[in-house]
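Okay, here's what each chain looks like letter by letter:
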Amino acid sequence: MQSAAQSAAEIRAIAQSRVRLELLANLVRKDLKVKYKNSALGFLWSLANPLLYLVVFGLVFGVFLKNGIPDFWVLFMSGLLVWNFFNLSTLSATGSVIGNANLVRKVRFPRVVLPLSSIGFAGVHFLLQLGVLLVVLVAFYRHAFGPQLVLLLPALLVVLLFTGGMALLASSLNVRYRDVEHLLEIALIAWFWLTPIVYSVSLARSELLGRFHNLLWYVYMGNPMTAVVTSMQRAIYRTTTVINTQSKQPYQVLASDGYRFYLKWL
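Computed from a predicted model, the values in this text were never measured in an experiment. (Residues numbered from 1 in each chain as written. Predicted model: local features only at pLDDT ≥ 70, side-chain atom pairs only at ≥ 80, totals over all residues. Heavy atoms only, no water.)

**Some remarks on helix 3 (residues 72-94)**
The first and last C-alpha atoms of helix 3 sit 33 Å apart over 23 residues, in line with the 33 Å expected at 1.5 Å per residue. Where burial is concerned, most of helix 3 is hidden: 19 out of the 23 residues are buried. (Helix = DSSP H or I, 4+ residues; strand = E, 2+ residues; numbered from the N terminus. Expected span 1.5 Å × (residues − 1). Buried < 20%, exposed > 50% of the residue type's maximum accessible area, 1.4 Å probe, protein only.)

This is how it looks when you write it as C-alpha coordinates:
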(Lines give C-alpha, C1' and ligand atoms only; values in the text may rest on other atoms or scores of the structure.)
Protein backbone atom coordinates (compact mmCIF):
# COMPACT_ATOMS: atom_id res chain seq x y z
CA MET A 1 0.00 0.00 0.00
CA GLN A 2 2.86 2.34 0.77
CA SER A 3 4.38 1.88 -2.70
CA ALA A 4 0.95 2.44 -4.28
CA ALA A 5 0.54 5.67 -2.30
CA GLN A 6 4.01 6.80 -3.36
CA SER A 7 3.20 6.07 -7.01
CA ALA A 8 -0.05 8.01 -6.75
CA ALA A 9 1.79 10.97 -5.18
CA GLU A 10 4.40 10.89 -7.95
CA ILE A 11 1.71 10.83 -10.62
CA ARG A 12 -0.05 13.81 -9.01
CA ALA A 13 3.25 15.73 -8.81
CA ILE A 14 3.97 15.03 -12.49
CA ALA A 15 0.45 16.09 -13.46
CA GLN A 16 0.75 19.31 -11.44
CA SER A 17 4.11 20.10 -13.03
CA ARG A 18 2.67 19.53 -16.49
CA VAL A 19 -0.28 21.82 -15.72
CA ARG A 20 2.08 24.54 -14.49
CA LEU A 21 4.24 24.29 -17.60
CA GLU A 22 1.19 24.48 -19.85
CA LEU A 23 -0.14 27.47 -17.93
CA LEU A 24 3.25 29.17 -18.10
CA ALA A 25 3.49 28.60 -21.86
CA ASN A 26 -0.02 29.97 -22.38
CA LEU A 27 0.74 33.11 -20.36
CA VAL A 28 3.91 33.76 -22.34
CA ARG A 29 2.01 33.23 -25.59
CA LYS A 30 -0.71 35.62 -24.42
CA ASP A 31 1.79 38.36 -23.52
CA LEU A 32 3.49 38.06 -26.90
CA LYS A 33 0.17 38.23 -28.76
CA VAL A 34 -0.98 41.27 -26.77
CA LYS A 35 2.28 43.14 -27.36
CA TYR A 36 2.28 42.64 -31.12
CA LYS A 37 -1.46 42.64 -31.71
CA ASN A 38 -2.46 44.55 -34.89
CA SER A 39 1.22 45.23 -35.59
CA ALA A 40 2.26 45.02 -39.23
CA LEU A 41 5.82 43.89 -38.46
CA GLY A 42 5.05 41.80 -35.37
CA PHE A 43 8.15 40.13 -33.91
CA LEU A 44 10.38 42.10 -36.26
CA TRP A 45 10.00 45.06 -33.89
CA SER A 46 11.95 43.12 -31.26
CA LEU A 47 14.84 42.84 -33.74
CA ALA A 48 14.88 46.59 -34.38
CA ASN A 49 16.16 47.28 -30.86
CA PRO A 50 19.54 45.47 -31.12
CA LEU A 51 20.05 46.69 -34.70
CA LEU A 52 19.54 50.29 -33.58
CA TYR A 53 21.97 49.81 -30.70
CA LEU A 54 24.53 48.33 -33.10
CA VAL A 55 24.32 51.31 -35.42
CA VAL A 56 24.18 54.03 -32.73
CA PHE A 57 26.94 52.72 -30.48
CA GLY A 58 29.05 51.72 -33.47
CA LEU A 59 28.95 55.36 -34.60
CA VAL A 60 29.35 56.86 -31.13
CA PHE A 61 32.33 54.77 -29.98
CA GLY A 62 33.77 54.07 -33.40
CA VAL A 63 33.59 57.54 -34.93
CA PHE A 64 32.81 60.27 -32.39
CA LEU A 65 34.05 59.06 -28.98
CA LYS A 66 36.80 56.71 -29.99
CA ASN A 67 37.88 54.63 -27.00
CA GLY A 68 40.61 52.79 -28.87
CA ILE A 69 39.04 49.32 -28.43
CA PRO A 70 38.74 47.64 -31.84
CA ASP A 71 35.30 46.21 -32.63
CA PHE A 72 33.91 47.72 -29.46
CA TRP A 73 30.37 47.09 -30.72
CA VAL A 74 30.92 43.34 -30.22
CA LEU A 75 32.05 43.83 -26.62
CA PHE A 76 29.15 46.19 -25.96
CA MET A 77 26.39 44.08 -27.52
CA SER A 78 27.64 40.90 -25.81
CA GLY A 79 26.88 42.48 -22.46
CA LEU A 80 23.90 44.61 -23.39
CA LEU A 81 21.67 41.81 -24.69
CA VAL A 82 21.94 39.74 -21.52
CA TRP A 83 21.44 42.89 -19.42
CA ASN A 84 18.29 43.74 -21.39
CA PHE A 85 16.96 40.26 -20.65
CA PHE A 86 17.55 40.71 -16.92
CA ASN A 87 16.20 44.26 -16.90
CA LEU A 88 13.01 43.49 -18.86
CA SER A 89 12.32 40.29 -16.91
CA THR A 90 12.70 41.93 -13.51
CA LEU A 91 10.66 45.04 -14.31
CA SER A 92 7.88 43.07 -15.99
CA ALA A 93 7.74 40.52 -13.18
CA THR A 94 7.53 43.20 -10.48
CA GLY A 95 4.05 44.26 -11.55
CA SER A 96 2.90 40.85 -12.80
CA VAL A 97 0.83 39.89 -9.75
CA ILE A 98 -0.67 43.37 -9.30
CA GLY A 99 -1.42 43.59 -13.02
CA ASN A 100 -3.34 40.30 -12.89
CA ALA A 101 -5.18 41.03 -9.63
CA ASN A 102 -8.59 40.05 -11.05
CA LEU A 103 -7.26 36.73 -12.26
CA VAL A 104 -5.54 36.05 -8.93
CA ARG A 105 -8.76 36.69 -6.98
CA LYS A 106 -11.08 34.66 -9.23
CA VAL A 107 -9.07 31.62 -10.32
CA ARG A 108 -7.08 29.17 -8.21
CA PHE A 109 -3.69 28.53 -9.81
CA PRO A 110 0.00 28.59 -8.78
CA ARG A 111 0.84 32.31 -8.53
CA VAL A 112 4.50 31.63 -9.24
CA VAL A 113 3.77 31.32 -12.97
CA LEU A 114 2.96 35.04 -13.22
CA PRO A 115 6.49 36.38 -12.60
CA LEU A 116 7.98 33.38 -14.40
CA SER A 117 5.89 34.18 -17.49
CA SER A 118 7.59 37.60 -17.56
CA ILE A 119 10.94 35.80 -17.75
CA GLY A 120 9.62 33.64 -20.59
CA PHE A 121 8.40 36.73 -22.42
CA ALA A 122 11.79 38.45 -22.08
CA GLY A 123 13.54 35.19 -22.95
CA VAL A 124 11.82 35.00 -26.34
CA HIS A 125 13.03 38.50 -27.16
CA PHE A 126 16.52 37.68 -25.92
CA LEU A 127 16.79 34.63 -28.18
CA LEU A 128 15.57 36.61 -31.20
CA GLN A 129 18.03 39.42 -30.51
CA LEU A 130 20.87 36.98 -29.89
CA GLY A 131 20.05 35.43 -33.26
CA VAL A 132 20.42 38.86 -34.90
CA LEU A 133 23.79 39.33 -33.20
CA LEU A 134 25.00 35.92 -34.37
CA VAL A 135 24.05 36.74 -37.96
CA VAL A 136 25.97 40.03 -37.76
CA LEU A 137 28.95 38.22 -36.21
CA VAL A 138 28.99 35.71 -39.07
CA ALA A 139 29.09 38.61 -41.52
CA PHE A 140 31.57 40.93 -39.76
CA TYR A 141 33.28 39.20 -36.81
CA ARG A 142 33.85 35.49 -37.41
CA HIS A 143 36.65 35.67 -34.86
CA ALA A 144 33.93 35.20 -32.23
CA PHE A 145 33.35 31.55 -33.09
CA GLY A 146 35.72 29.39 -31.10
CA PRO A 147 36.02 27.08 -28.06
CA GLN A 148 35.48 30.00 -25.66
CA LEU A 149 31.78 29.95 -26.59
CA VAL A 150 31.41 27.21 -23.98
CA LEU A 151 31.29 30.01 -21.38
CA LEU A 152 27.84 30.94 -22.71
CA LEU A 153 26.26 27.92 -21.01
CA PRO A 154 27.21 28.67 -17.37
CA ALA A 155 26.66 32.42 -17.93
CA LEU A 156 23.14 31.90 -19.27
CA LEU A 157 22.32 29.38 -16.53
CA VAL A 158 23.42 31.83 -13.81
CA VAL A 159 21.50 34.77 -15.28
CA LEU A 160 18.39 32.61 -15.63
CA LEU A 161 18.52 31.48 -11.99
CA PHE A 162 19.38 34.93 -10.67
CA THR A 163 16.67 36.60 -12.75
CA GLY A 164 14.15 34.04 -11.51
CA GLY A 165 15.06 34.81 -7.92
CA MET A 166 14.87 38.58 -8.48
CA ALA A 167 11.53 38.25 -10.30
CA LEU A 168 9.95 36.23 -7.48
CA LEU A 169 11.34 38.52 -4.79
CA ALA A 170 10.34 41.79 -6.51
CA SER A 171 6.85 40.59 -7.48
CA SER A 172 6.18 39.38 -3.93
CA LEU A 173 7.38 42.58 -2.27
CA ASN A 174 5.46 44.75 -4.73
CA VAL A 175 2.16 43.18 -3.64
CA ARG A 176 2.61 44.66 -0.17
CA TYR A 177 4.90 47.63 -0.84
CA ARG A 178 3.84 49.34 -4.06
CA ASP A 179 6.89 51.61 -4.06
CA VAL A 180 9.10 48.62 -4.89
CA GLU A 181 8.32 48.92 -8.60
CA HIS A 182 9.41 52.58 -8.71
CA LEU A 183 12.48 52.02 -6.54
CA LEU A 184 13.56 49.12 -8.73
CA GLU A 185 13.40 51.24 -11.88
CA ILE A 186 15.84 53.71 -10.33
CA ALA A 187 18.03 50.96 -8.87
CA LEU A 188 18.35 49.25 -12.27
CA ILE A 189 19.66 52.47 -13.84
CA ALA A 190 22.44 52.63 -11.22
CA TRP A 191 22.94 48.86 -11.53
CA PHE A 192 23.51 49.22 -15.28
CA TRP A 193 26.44 51.61 -14.75
CA LEU A 194 27.89 49.41 -12.00
CA THR A 195 28.09 46.60 -14.56
CA PRO A 196 30.90 46.63 -17.20
CA ILE A 197 28.82 47.07 -20.33
CA VAL A 198 29.77 50.51 -21.65
CA TYR A 199 33.29 50.22 -20.21
CA SER A 200 35.65 47.26 -19.89
CA VAL A 201 36.02 45.23 -16.71
CA SER A 202 39.80 45.74 -16.86
CA LEU A 203 39.24 49.47 -16.29
CA ALA A 204 37.28 48.77 -13.10
CA ARG A 205 39.88 46.23 -12.03
CA SER A 206 42.77 48.67 -12.38
CA GLU A 207 40.89 51.30 -10.37
CA LEU A 208 39.61 49.07 -7.57
CA LEU A 209 42.36 46.53 -6.95
CA GLY A 210 44.51 47.45 -3.98
CA ARG A 211 41.94 49.72 -2.36
CA PHE A 212 40.86 48.68 1.15
CA HIS A 213 42.73 45.38 0.70
CA ASN A 214 40.86 44.68 -2.56
CA LEU A 215 37.51 44.94 -0.76
CA LEU A 216 36.05 47.27 -3.41
CA TRP A 217 37.03 44.84 -6.17
CA TYR A 218 35.35 41.92 -4.39
CA VAL A 219 32.21 44.00 -3.84
CA TYR A 220 32.22 45.00 -7.50
CA MET A 221 32.60 41.41 -8.69
CA GLY A 222 30.00 40.32 -6.13
CA ASN A 223 27.42 41.87 -8.43
CA PRO A 224 26.04 38.75 -10.17
CA MET A 225 25.46 40.66 -13.41
CA THR A 226 29.14 41.64 -13.56
CA ALA A 227 30.11 37.97 -13.63
CA VAL A 228 27.46 37.20 -16.26
CA VAL A 229 28.29 40.15 -18.52
CA THR A 230 32.06 39.61 -18.41
CA SER A 231 31.60 35.90 -19.16
CA MET A 232 29.34 36.73 -22.12
CA GLN A 233 31.92 39.22 -23.37
CA ARG A 234 34.75 36.70 -23.00
CA ALA A 235 32.69 34.11 -24.87
CA ILE A 236 31.81 36.36 -27.82
CA TYR A 237 34.48 39.08 -28.00
CA ARG A 238 37.04 36.35 -27.28
CA THR A 239 40.15 38.58 -27.19
CA THR A 240 41.47 39.62 -23.76
CA THR A 241 44.26 41.95 -24.91
CA VAL A 242 44.07 44.20 -27.98
CA ILE A 243 46.19 46.86 -29.63
CA ASN A 244 44.67 50.24 -28.84
CA THR A 245 43.81 51.92 -32.14
CA GLN A 246 44.81 55.33 -30.79
CA SER A 247 47.93 54.73 -28.68
CA LYS A 248 49.03 51.63 -30.64
CA GLN A 249 49.89 50.06 -27.28
CA PRO A 250 48.61 46.72 -25.89
CA TYR A 251 45.44 47.21 -23.85
CA GLN A 252 43.82 44.58 -21.64
CA VAL A 253 40.07 44.59 -22.23
CA LEU A 254 39.04 41.44 -20.35
CA ALA A 255 40.60 39.39 -17.59
CA SER A 256 43.31 37.14 -19.04
CA ASP A 257 43.30 34.77 -16.05
CA GLY A 258 41.73 32.01 -18.14
CA TYR A 259 38.27 30.47 -17.91
CA ARG A 260 38.87 29.80 -14.22
CA PHE A 261 38.39 33.52 -13.43
CA TYR A 262 34.96 33.64 -15.04
CA LEU A 263 33.75 30.32 -13.67
CA LYS A 264 34.91 31.29 -10.19
CA TRP A 265 32.81 34.46 -10.15
CA LEU A 266 29.83 32.79 -11.83
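Right, picking up where we left off after that structure.
**Focus: the packing of helix 3 against helix 7 (residues 152-176)**
The interhelical angle for the contact between helix 3 and helix 7, taken along N-to-C directions, is 25°, at an axis separation of 8 Å. Of the possible angle classes, the one that applies to helix 3 and helix 7 is roughly parallel. Two packed elements cross with a definite hand, and for helix 3 against helix 7 that hand is right-handed. Residue-level inspection shows Val82, Phe85, Phe86, Ser89, Thr90, Ala93 and Thr94 of helix 3 in contact with helix 7, the latter providing Val159, Leu160, Phe162, Thr163, Met166, Ala167, Ala170, Ser171 and Asn174. Classifying every residue of the contact of helix 3 with helix 7 gives 10 nonpolar, six polar and no charged. (Axes fitted to C-alpha atoms, helices over the stretch in contact; angles between N-to-C directions. Parallel < 35°, antiparallel > 145°, perpendicular 65-115°, else oblique. Left-handed = near helix turned anticlockwise from the far one by under 90°. Contact = heavy atoms within 4.5 Å. Nonpolar A, V, L, I, M, F, W, Y, C, P; charged D, E, K, R; others polar.)

**Regarding a nonpolar patch on the surface**
Judged by side-chain polarity, Val55, Leu59, Val63, Phe64 and Leu65 come together as a nonpolar surface patch covering roughly 510 Å² of accessible area. Tracing the backbone through its elements, the reader meets valine 63 in helix 2 (residues 44-64). Looking at valine 63, the relative accessible area reads 45%, which means it is partly exposed. (Patch = residues over 30% accessible without salt bridge, like charges linked within 9 Å, V, L, I, M, F, W, Y side chains within 5 Å. Areas by Shrake-Rupley, 256 points an atom, 1.4 Å probe, with all protein chains shown as cover. Salt bridge = Lys/Arg side-chain N within 4 Å of Asp/Glu carboxyl O.)

**Observations regarding the side chain of serine 200**
One can find serine 200 in the loop between helix 8 (180-193) and helix 9 (201-208). Polar contacts involving the side chain of serine 200 include one to the side chain of tyrosine 251, which spans 3.3 Å. Leaving out residues up to four positions away in the same chain, serine 200 has contacts with Tyr251 and Val253. (Polar contact = N/O pair within 3.5 Å; in protein donor to acceptor, adjacent residues only side chain to side chain.)

**Overview of the packing of helix 3 against helix 8**
Two elements in contact, helix 3 and helix 8, have axes separated by 10 Å at closest approach and are oriented at 170°. Judged by the angle between their axes, helix 3 and helix 8 are roughly antiparallel. Contacts between helix 3 and helix 8 involve Leu80, Trp83, Phe86, Asn87, Thr90, Leu91 and Thr94 from the first element and Val180, Glu181, Leu184, Glu185, Leu188, Trp191 and Phe192 from the second.

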